[in-house]
Amino acid sequence: MLNKIPLRIMWRDKSHFIGIILLVFLASFVYNIFSVTMTNVDINYKNFVEKYKQENFHFITFFPIDIEEIEKKYNVEIEEKFNFDYNYDDKTIRFFNITEKVNNPLILEGKIPSLGEVAIDPNFSQNNNLKIGDTININGIPFKISGYVALPDYIYITKNETDILPDPSHFGVGIMNMEDMKKFISSVAYRYYMVRGKVNDIDSFKADINSKYNLISFQEKDENWRIIVTEKKVESGKPLSYVMAFTILLISSLLLFIVLRRIINSMHREIGTLYALGYTKGEITRIYIMFPFYIWLFGAIPGGILGYIYSDSFINLYVSFISVPIVEKIFPVKDLFVGIFLPIVFMGFSGFFAIRDLLRKKVVEIIKGEAEKAFKVKFRIGFLDKLSFKLRIMIKHALLHPSREIVIILGVAFSALILMYGITAGSALSNLVYDTFQNTFRYNYMYVFNFYQKDHRYPNSERFNMLSFYKEGTKTRITIYGIEKKSQLIVLRDNKRNRVDLEGFVISQALADKLNLKEGDMLKVINTIDGKRYSLKISKIVDLFVGNTGYMNLEEFNKTFGLEDGAFIGLYSIDKLNIPEEELIVSMSKSDLMKAFEDSTESVNQILQMMYIVSFFMAFIIIYILSSLIITENRKTLSIFKILGFRDGELSTMFLGFNNISFLFGFLIGIPLYSSFIKYIVNVALRDLDFSLKMYAGFKDIWLTFIILFGAFILSKYLSRRRIGKISPAIVIKEQTE
Amino acid sequence: MFIQVENVSKVYQVGKFKVNALKNINMSLERGKFCVILGPSGSGKTTFLNIIGGIDRPDEGKVIVDGEEITGYDDKALTNYRRRKLGFVFQFYNLVNSLTVYENVLSTKYLSEDGLDPKEVLEVVGMWEHRDKYPFEISGGEQQRVAIARAVVKNPAIILCDEPTGALDFENAKKVLRLLEDINRKYGTTIIIATHNTAISQMSHKIIKLRSGELTEFVDNATPLSAEEVVW
């Protein structure tokens, strides 16, 4: 019979319990949706790269190499890869030949292309409405789409290596047979080789290749943006999901503790009577421990299950960015177990501690109810007498239940943290792109030749040179550019936004952050191609957050690195240049990058909106539960005050007014909390990538966060005030006459 | 007339049944009078008091207090009415347990612009020395004295008392009655007491007798006794 008590009380006080159940639901949901997604992406990624022989590194040479000889010499597998970009409208599909030894294509749907057929990546197909069986005309030749393909070296499908975001509307990859490809490539400007296997002495390997075949570039897997972004994203996604789920759980269990304790205290007579009748502590505990059990049952289980179900669409959203083929959906028992069963541990402890204190007392004490004696000693505080009546009552009520105010502070601080993270992540990315590509890099086109140039044949363009280095003792790759001394197309500025004169060696803020460098430091680097060592003194750090890059003026660059005076490898220009394709390794249009960014902001906005809702909802639930708890337990007092002639507004100030202070305090704590959290996330997520997100909450971000949370606060206050309004002054009279 | 009650009726729904709490009540009372409503349990005393106090509304009839028809008021106006004009004393005191004696008195002083000095009022009721105690630290009689001080401090025109001595022993009950008498005399406050104790009616100027919601007698007492003289 007594087992009915918890469900009946939960129904009676549903406004409190529904809130807690929703929070637990949210915690399990968030945990599972993230962890299931991460595990799926992670395991599928690992299976994919292993099974389909992802490269260990690749390199580009000017002359063709003797594959068999090098394979034998270094005990590796090498395969040459050919590609050509098919451009139509404003879109590009990069086609590769079908490889068999390294970076083998995985056909996700359909079949491997025969002659006259192609397979393309599913994200591009989806964004451009291309289906299996459709025919596309490539430079006038019709090709049938035979299937969808994934490539192990194009997991993060960006057009250029330096692109921050993929743009599946405008850029995709595909495969076709070598025979077909020959129709589009008459001559090749460079040779691209993919290598699978471990080479112990990379430096001598490079030197060997360079001496025989003129090594143009060399890139290990760890430095390949198109490969490592996935691993980094999974790595950075995990702590975020853990922090979110654990904090929501912690807050919900604190809330449950507070609510349950109040319920247990209000039932002290009944509990004392049961005790007196001969029920044991264990039996009584078993009744009340059902509260956390039901919360878990109604919150964590559906939350966990829905988290698992909805992880499908989350995985889809996720792989639309990083293009990991989900070959089979993994059922991650461990994640689901943690997501569903962790809440019961939190809730169980919370429930146990709530009842434990009461049951430690003697039966007579329980029946009497001892709660008020304790507060008598605590709250005879002299300074309160000097305050106005309303203010002293407000402070007294807060001091009476400090744990509630602490939960509000924690809840609001955490909501502010999530919200600010969402807002600033969005604006940081847009600042990064717009600031870098509009203010600093003012060129529209960038061309890289396959050989050093001497004659500046293209007017209205600026020459540049570049070389790739490692920082000595690390794998951090640094690109150093030599640019025109008075360049109009690369405008470098210091952190006060003043233009920097290009004297000596300047580095980007992104590189300075990554390697913890400051002006005047010596940077020791090793050329990735020839292994030569250089010590460069940093004369300035420029306000550039993209790229592990350094800059010198072209003359100084050539002199420092022993290149011929006036030599250059590339050109920047405002207008498109007519350079024959066979002279180029890379040609890049800035507008492609901007387009990619604009497309991706839509998805980012969706995630942001979810964050707005989660934080609004959390702040609202926490404040509302605690406010309605205060109202419920002060129902009689409120009724007395109403009879005496107090207005609803005055009562709201007296009983719930301290929440204003806690809300504000929580919000203010949220700001430094955000800064430390961001440092942690940026350190974990971006330490191996070559850009820094300048994530800080500016006045506008803080203001927007405040407005949204304040909206939640006002809504909860409005509903609480309505509850106060509904309390009849006659309650006291009725209870008195009963 | 200071208080005028015209044809007031009130029906409560209790389950399937209708209970006539008040049936067509008519009465009037001058300012500064001491009035007792007498009747057994369930006679409608509390309902009558609640309607005059603006806590409840009649189904029919009207109540005019100091020229204002309070039965036409909405909740907000009724709150204002209680705030300006009324003090309440309950059988079980209904002090706010989280406030000290002094703060309980201060809580109504706050509502009034021309209220009395809380110290003076607490001295009158003999509770100044206990001002820093919480309600659960003092006896029932003392709590009721604090409740009276709380009602008086805002200097209301009317104090409504619902069984103010019902939970007290004889000595403490007498103290409370003496206090109410003093306040009636000193501040000219109209006092209405609802009680089943017929002895208390001996000290009032007007006696209203209720039975099953009906007014059975409404009499003037030309020779009220002092509280000291009342015995039961």
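Predicted model, so just to flag it, every value in this text is computed and none were measured.

Quick notes on the rules
- The residue numbering used here restarts from 1 in each chain and proceeds along that chain's sequence as written.
- Lettering for chains starts from A, numbering for ligands starts from 1, and both go in the order in which the items are written.
- The model is predicted, so local features are restricted to residues of pLDDT at least 70 and side-chain atom pairs to those at 80 or more, both for listing and for counting; the totals for chains, interfaces and linings are taken over all residues.
- Based on all heavy atoms of the structure, the side-chain values leave hydrogens and waters out of the count.
- Counting from the N terminus, the helices are DSSP H or I runs at least four residues long and the strands are E runs at least two residues long.
- Working definition: with a 1.4 Å probe on protein chains only, accessible area under 20% of the residue-type maximum means buried, over 50% means exposed, and in between means partly exposed.
- In what follows, a contact means two residues having at least one pair of non-hydrogen atoms within 4.5 Å.
- Note on areas: Shrake-Rupley with a 1.4 Å probe; residue coverage comes only from the protein chains shown.
- In this analysis, strands are considered paired if DSSP registers two or more bridges between them.
- Only the stretch in contact is used when a helix axis is fitted, and all axes are lines through C-alpha atoms; the angle between N-to-C directions ranges over 0 to 180 degrees.
- Once two parts are brought into contact, the accessible area they lose, counted with a 1.4 Å probe and summed over both, makes up the buried area.
- Throughout this description, the term salt bridge denotes a Lys or Arg side-chain nitrogen within 4 Å of a carboxyl oxygen of Asp or Glu.
- Residues adjacent in sequence count toward polar contacts only when both atoms are side-chain atoms; beyond that, a polar contact is any pair of N or O atoms within 3.5 Å, and within protein one must be able to donate a hydrogen and the other to accept it.
- Two rings from Phe, Tyr or Trp (for Trp, the six-membered ring) form a pair when their centres sit within 6.5 Å of each other. Planes less than 30 degrees apart are called stacked, planes more than 60 degrees apart edge-to-face, and all others tilted.
- If you view the pair so one helix is near and one far, a crossing is left-handed when the near helix is turned anticlockwise from the far one by less than a right angle, and right-handed when it is turned clockwise.
- Each residue is assigned to one class: nonpolar for Ala, Val, Leu, Ile, Met, Phe, Trp, Tyr, Cys and Pro, charged for Asp, Glu, Lys and Arg, and polar for all the others, Gly among them.
- You can read pLDDT as the predictor saying how much it trusts each residue, on a scale of 0 to 100.
- Nonpolar cores are built from buried Ala, Val, Leu, Ile, Met, Phe, Trp, Tyr and Cys residues. Side-chain atoms within 4.5 Å join them into one set.
- Excluding any residue in a salt bridge, patches collect residues exceeding 30% relative accessible area, merging like charges within 9 Å and nonpolar Val, Leu, Ile, Met, Phe, Trp and Tyr side chains within 5 Å.
- UniProt positions are given in the numbering used here, feature names are shortened, and annotations may be inferred rather than shown by experiment.

J.: Please clarify how the overall build of chain A should be interpreted in this entry.
T.: Within chain A one finds 23 helices and 20 strands. When burial is assessed residue by residue, chain A has 57% of its 738 residues classed as buried. Contacts in chain A between residues at least 24 apart in sequence constitute 82% of all its contacts with a sequence separation of at least 6. Carbon and sulfur atoms provide 57% of the accessible area of chain A, an area that totals close to 32100 Å².

J.: Quick question: what am I supposed to make of the overall build of chain B here?
T.: A count of helices and strands for chain B gives 6 helices and 10 strands. Taken over 232 residues, chain B has a buried fraction of 58%. Taking as baseline every contact in chain B between residues at least 6 positions apart, the subset at least 24 positions apart corresponds to 71%. Accessible area of chain B: about 9400 Å², with a carbon and sulfur share of 45%.

J.: Honestly, the sheet that holds strand β1 (residues 57-61) of chain A in this entry has me stumped. Any pointers?
T.: Backbone hydrogen bonds are what pair the strands of a sheet, in a parallel or an antiparallel way. All names here are of chain A. Taken in spatial order, the 4 strands line up as β2-β10-β1-β11 in an open sheet, and their pairing is antiparallel. Only two strands of the sheet have a single neighbouring strand rather than two, namely β2 (77-81) and β11 (215-220). The average undirected angle you get between the axes of adjacent strands in this sheet is 20°. By the bridge criterion, 5 bridges tie β1 to β11 in an arrangement that is antiparallel. Bridging across to β11, Ile60 finds its partner in Ser217. Each of β1 and β11 touches helix α6 (residues 202-213); the most contacted strand, β11, lies at about 155° to it.

J.: Would you mind showing me how to read the interface of chain B and chain A here?
T.: Listed as interface residues are 33 residues of chain B and, on the opposing side, 28 residues of chain A. Across the chain B to chain A interface the summed buried area is about 2900 Å²; carbon plus sulfur atoms make up 60%. When the area that chain B buries against chain A is broken down by residue, the three leading residues are B:Asn94, B:Tyr110 and B:Tyr134, summing to 19%. Here chain B and chain A share 3 salt bridges between them. Salt-bridge contacts for B:Glu103 lead to A:Lys396; the nearest nitrogen and oxygen are separated by 2.6 Å. Counting every contact that joins chain B to chain A gives 10 residue pairs in polar contact (both at pLDDT 80 or more). Elements that contribute at least two residues to the side of chain B that touches chain A include exactly α1 (45-52), α2 (75-85) and α3 (101-109) of chain B. The biggest single contributor to the side of chain B that touches chain A is α3(B), with 5 residues.

J.: Explain the environment of A:Asn83 here, please?
T.: Residue and element names in this part refer to chain A. Secondary-structure assignment places Asn83 in strand β3 (residues 83-88). Here Asn83 falls in the partly exposed class, since its relative accessible area comes to 23%. As a C-alpha pair, Asn83 and Phe95 span 12 residues in sequence and 5.3 Å in three-dimensional space. The residues touching Asn83, leaving out its near neighbours within four places in the chain, are Arg94, Phe95, Phe96, Met181, Ile185 and Tyr190.

J.: Can you help me understand the pairing of strand β18 (residues 549-553) of chain A in this one?
T.: Each regular strand shows side chains that alternate between the opposite faces of the sheet. All names here are of chain A. Judged by how many residues are buried, β18 sits mostly within the fold: 5 of 5 residues are covered. Neither face of β18 is left uncovered, since the one carrying Thr549, Tyr551 and Asn553 and the one carrying Gly550 and Met552 both have all their residues buried. Note that strand β14 (residues 477-483) and β18 share 5 bridges and pair parallel. Residue pairing for β18: Tyr481 is matched across the bridge by Tyr551. Relative to β18, strand β15 (residues 505-508) runs antiparallel, the two being bridged by 2 bridges. Residue Val506 lies in a different strand from β18, and its bridge partner there is Tyr551.

J.: Is there a simple way to explain the sheet that holds strand β9 (residues 206-211) of chain B in this structure?
T.: Residue and element names in this part refer to chain B. An order of β6-β7-β8-β3-β9-β10 is seen for the 6 strands of this open sheet, with the pairing classed as mixed. Lying at the two open borders of the sheet, with one neighbouring strand each, are β6 (86-89) and β10 (214-220). Across this sheet, the average inter-strand angle for adjacent strands is 15°, counted without regard to direction. Inspection of the sheet shows strand β7 (residues 158-162) paired to strand β8 (residues 190-195) by 5 bridges, in the parallel sense.

J.: Which parts of the structure should I look at to understand the packing of aromatic side chains?
T.: How two aromatic rings sit relative to each other is set out by the distance from centre to centre and by the angle between their planes. All names here are of chain A. In total, this model carries 56 aromatic pairs over all chains according to the counting rule given. Pairing Phe663 with Phe706 gives two aromatic rings, centres 6.0 Å apart and planes at 55°, and the pair type is tilted. One end of the pair, Phe663, is in helix α21 (residues 658-686); the other, Phe706, is in helix α22 (residues 699-726), and 43 residues separate them in sequence. Under the relative-accessibility criterion, Phe706 is labelled buried at 17%. Through a chain of ring-to-ring contacts, the aromatic side chains of Phe663, Phe667, Phe699, Trp703, Phe706, Phe710 and Phe713 assemble into a single cluster.

J.: Looking at this structure, I do not really get the packing of helix α9 (residues 281-288) of chain A against helix α11 (residues 333-359) of chain A. What am I missing?
T.: Describing two packed helices takes the angle between their axes plus the distance from one axis to the other. Residue and element names in this part refer to chain A. Between α9 and α11, the least distance of the axes is 10 Å, while the angle of their chain directions is 145°. Crossing hand, α9 versus α11: right-handed. Each of Lys281, Ile284, Thr285 and Tyr288 in α9 lies in contact with α11, whose residues at this interface are Phe352, Ile355 and Leu359. In the contact of α9 with α11, the residues fall into 5 nonpolar, 1 polar and 1 charged.

J.: Mind showing me how you'd approach unusual backbone geometry here?
T.: The phi angle of most residues is negative, glycine excepted, and most peptide bonds adopt the trans form. Residue and element names in this part refer to chain A. For Asn103, which is not glycine, the phi dihedral falls at a positive 50°. Structurally, Asn103 can be placed in the loop between β4 (91-97) and β5 (106-110). With a phi angle near 45°, Asn139 is a residue other than glycine that sits in the positive phi range. Within the element layout of this structure, Asn139 appears in the loop between β7 (135-138) and β8 (141-150).

J.: I would appreciate a short explanation of the confidence of the model for chain B in the present structure.
T.: For residues with low pLDDT, the predicted coordinates do not support detailed interpretation. Of all residues in chain B, 100% attain a pLDDT of 70 or more, and the chain-wide mean is 90. Both scores are given for the predicted complex: the pTM is 0.68, the ipTM 0.78.

J.: I tried to follow the nonpolar core on my own but got confused; where do I start?
T.: Nonpolar side chains in soluble globular proteins generally cluster together in the buried interior. Core analysis: the biggest nonpolar cluster contains 81 residues, and A:Ile271, A:Tyr288, A:Ile295 and A:Ile622 have the highest contact counts within it. Excluding its chain neighbours within four sequence positions, the residues that come into contact with A:Tyr288 are A:Ile5, A:Leu260, A:Ile264, A:Met267, A:Ile271 and A:Ile355. Within the second largest apolar cluster, 54 residues are counted, among which are A:Leu644, B:Ile52, B:Val65 and B:Leu111.

J.: Got a minute to help me understand a nonpolar patch on the surface in this structure?
T.: Residue and element names in this part refer to chain A. The grouping of Leu7, Phe293, Leu297 and Phe298 at the surface amounts to a nonpolar patch, some 310 Å² of accessible area in total. Tallying contributions element by element places helix α10 (residues 290-322) first for the nonpolar patch, with 3 residues. With respect to the helices, strands and loops of the structure, Leu7 is situated in helix α1 (residues 4-12).

J.: Sorry if this is basic, but what is going on with the UniProt feature "transmembrane region" (unreviewed entry) in chain A here?
T.: Feature annotation in UniProt places "transmembrane region" (unreviewed entry) on residues 16-34, 240-260, 287-310, 336-355, 406-429, 610-632, 653-682 and 702-719 of chain A, given in this structure's numbering. In the segment residues 610-632 of chain A, helix accounts for 100% and strand for 0%; the C-alpha atoms at its two ends are 32 Å apart.

J.: Would you mind going over the confidence of the model for chain A with me for this structure?
T.: Across chain A, pLDDT averages 84, with 89% of residues at or above 70. Strand β6 (residues 117-120) of chain A holds the highest mean pLDDT among the elements of chain A, 95, whereas helix α13 (residues 371-378) of chain A holds the lowest, 48.

J.: Looking at this model, I keep getting lost on the side chain of A:Asn465. Mind explaining?
T.: Residues and elements named next belong to chain A. Secondary-structure assignment places Asn465 in strand β13 (residues 461-471). You can call Asn465 buried: its relative accessible area is 0%. A distance of 3.3 Å separates a polar side-chain atom of Asn465 from the backbone nitrogen of Ile569. When sequence neighbours within four positions are dropped, the list of residues in contact with Asn465 reads Tyr452, Ile480, Tyr481, Gly482, Leu554, Phe557, Asn558, Leu563, Ala567, Phe568 and Ile569.

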